[in-house]
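Chain residues, written in single-letter form:
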Amino acid sequence: MKILAIDTSALVATAALCEDETPIAVYSQKSGMTHSQTMLPIIKNIMDNTGTSVDDIDLFAVSEGPGSFTGIRIGVSAIKGLAFGKNKICIGVSTLEAMARAFAPFCTDALICPVMDARRNQLYNAVFEYRGGKLLRLTEDRTIDAGALAKELDETDRPVYFIGDGYSIMEKRKLSYQRETPPVCRWQNAYGVALAALELYQNTDDKSVFTDRLLRPEYLRLPQAERELREKEAAANRR
């Protein structure tokens, strides 16, 4: 099964072409939030350099969130556009799970803790472990305060590897159980998106749910404008 996977949920724009679990080409570029300009050329370069056409793709995959609201919309829209009208499999996966899957083989007997800066003193986070060749999810995707996450992890006696753009936030806390994650492994990688999508596809009985029409972003929380509006309304009601 040929898989085209992309991730535009944070500062890194990344795309991967895979044959099942085997990567054929992986491209990552960290040049700021320019994904609307860079992602389609990245995809075109991968396809041209591997002699692959969009019609050759069996499964389109994208990180559907959490992450940058604008970035997620760009990625989801790009995949929906490529898959539109082709009756091909189209799957959105958790950004956090995809990050953990890409890093998991390098991390045994430890916790994998993706952390993405959600602003307002919050992190997008989930906790995983890699055991017996399988990635196991220990928490759901969530928003959590960095202090609360540190306190929660204090209760484990296992090493913890943080990955994601929230790495520096946790690093500043100088946690005794934190292990250094190599810089190249801290960022999103579309290969992890491909792995997460393939796993989801293989373990879902009703394959009809995997269409571009049903693909939607998963933000985990309301957009900032809507949050601010609700805060103003709540403040007005308290007067």
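Residues numbered from 1 in each chain as written. Predicted model: local features only at pLDDT ≥ 70, side-chain atom pairs only at ≥ 80, totals over all residues. Heavy atoms only, no water.

1. Considering the overall build of the protein chain
At step 1: Looking only at helices and strands, the protein chain has seven helices and 12 strands in total.
At step 2: A globule of 239 residues ought to have a C-alpha radius of gyration of about 18 Å, and the protein chain, at 18 Å, matches this closely.
At step 3: Per-residue burial for the protein chain yields a buried fraction of 47% across its 239 residues.
At step 4: Intrachain contacts of the protein chain at a sequence separation of at least 6 include 62% that bridge at least 24 residues.
At step 5: As displayed, the protein chain has an accessible area near 12,100 Å², and 48% of this comes from carbon and sulfur atoms.
At step 6: For the protein chain, the separation between the mean place of its 30 positive charges and that of its 32 negative charges on side chains is 6 Å. (Helix = DSSP H or I, 4+ residues; strand = E, 2+ residues; numbered from the N terminus. Rg over C-alpha atoms; globule rule 2.2 N^0.38 Å. Buried < 20%, exposed > 50% of the residue type's maximum accessible area, 1.4 Å probe, protein only. Contact = heavy atoms within 4.5 Å. Areas by Shrake-Rupley, 256 points an atom, 1.4 Å probe, with all protein chains shown as cover. Lys, Arg positive; Asp, Glu negative; His and termini not counted. Charge placed at Lys NZ, Arg CZ, Asp CG, Glu CD.)

2. Re the pattern of salt bridges
At step 1: By the definition in use, this model includes 11 salt bridges.
At step 2: Residues Lys44 and Asp48 are paired through a salt bridge, measuring 2.7 Å at the closest nitrogen-oxygen approach. Residue Lys44 and its partner Asp48 are both found in helix H1 (residues 35-50); the two are separated by four residues, about one turn of the helix.
At step 3: Of the charged contacts in the structure, one is a salt bridge between Glu97 and Arg101, with a shortest N-O distance of 3.0 Å. Here Glu97 and its partner Arg101 are both found in helix H3 (residues 95-103), four residues apart, which amounts to about one turn of the helix. (Salt bridge = Lys/Arg side-chain N within 4 Å of Asp/Glu carboxyl O.)

3. Considerations on the pairing of strand E8 (residues 128-131)
At step 1: Where strand E6 (residues 111-117) and E8 come together, two bridges link them in antiparallel fashion. Looking at the pairing, Leu111 lines up with Glu129 of E8.
At step 2: Sheet topology places E8 next to strand E9 (residues 134-137); four bridges connect them, and they run antiparallel. Note on E9: the bridge partner recorded for Phe128 is Arg137.
At step 3: Hairpin connection between E8 and E9: a loop of two residues separates the two successive antiparallel strands, and Gly132 in this loop has a positive phi of roughly 60 degrees. (Pairing = 2+ DSSP bridges.)

4. Some details on the sheet that holds strand E2 (residues 12-19)
At step 1: If you trace the five strands from one edge of the open sheet to the other, you get E3-E2-E1-E4-E5, paired in mixed fashion. For this open sheet the edge positions go to strand E3 (22-30) and strand E5 (89-94), each flanked by a neighbour on one side alone. Strand-to-strand twist of the sheet, defined as the mean angle between neighbouring strand axes without regard to direction, takes the value 15 degrees.
At step 2: Where E2 lies against E3, eight bridges are found, and the strand directions are antiparallel. Looking at the pairing, Val12 lines up with Lys30 of E3.
At step 3: Helix H2 (residues 69-83) rests against strand E1 (2-7), strand E4 (59-65) and E5 of the sheet, and its axis sits at about 160 degrees to E4.
At step 4: Set on the sheet, H3 makes contact with E1, E4 and E5; between it and E5 the angle comes to about 85 degrees. (Axes fitted to C-alpha atoms, helices over the stretch in contact; angles between N-to-C directions.)

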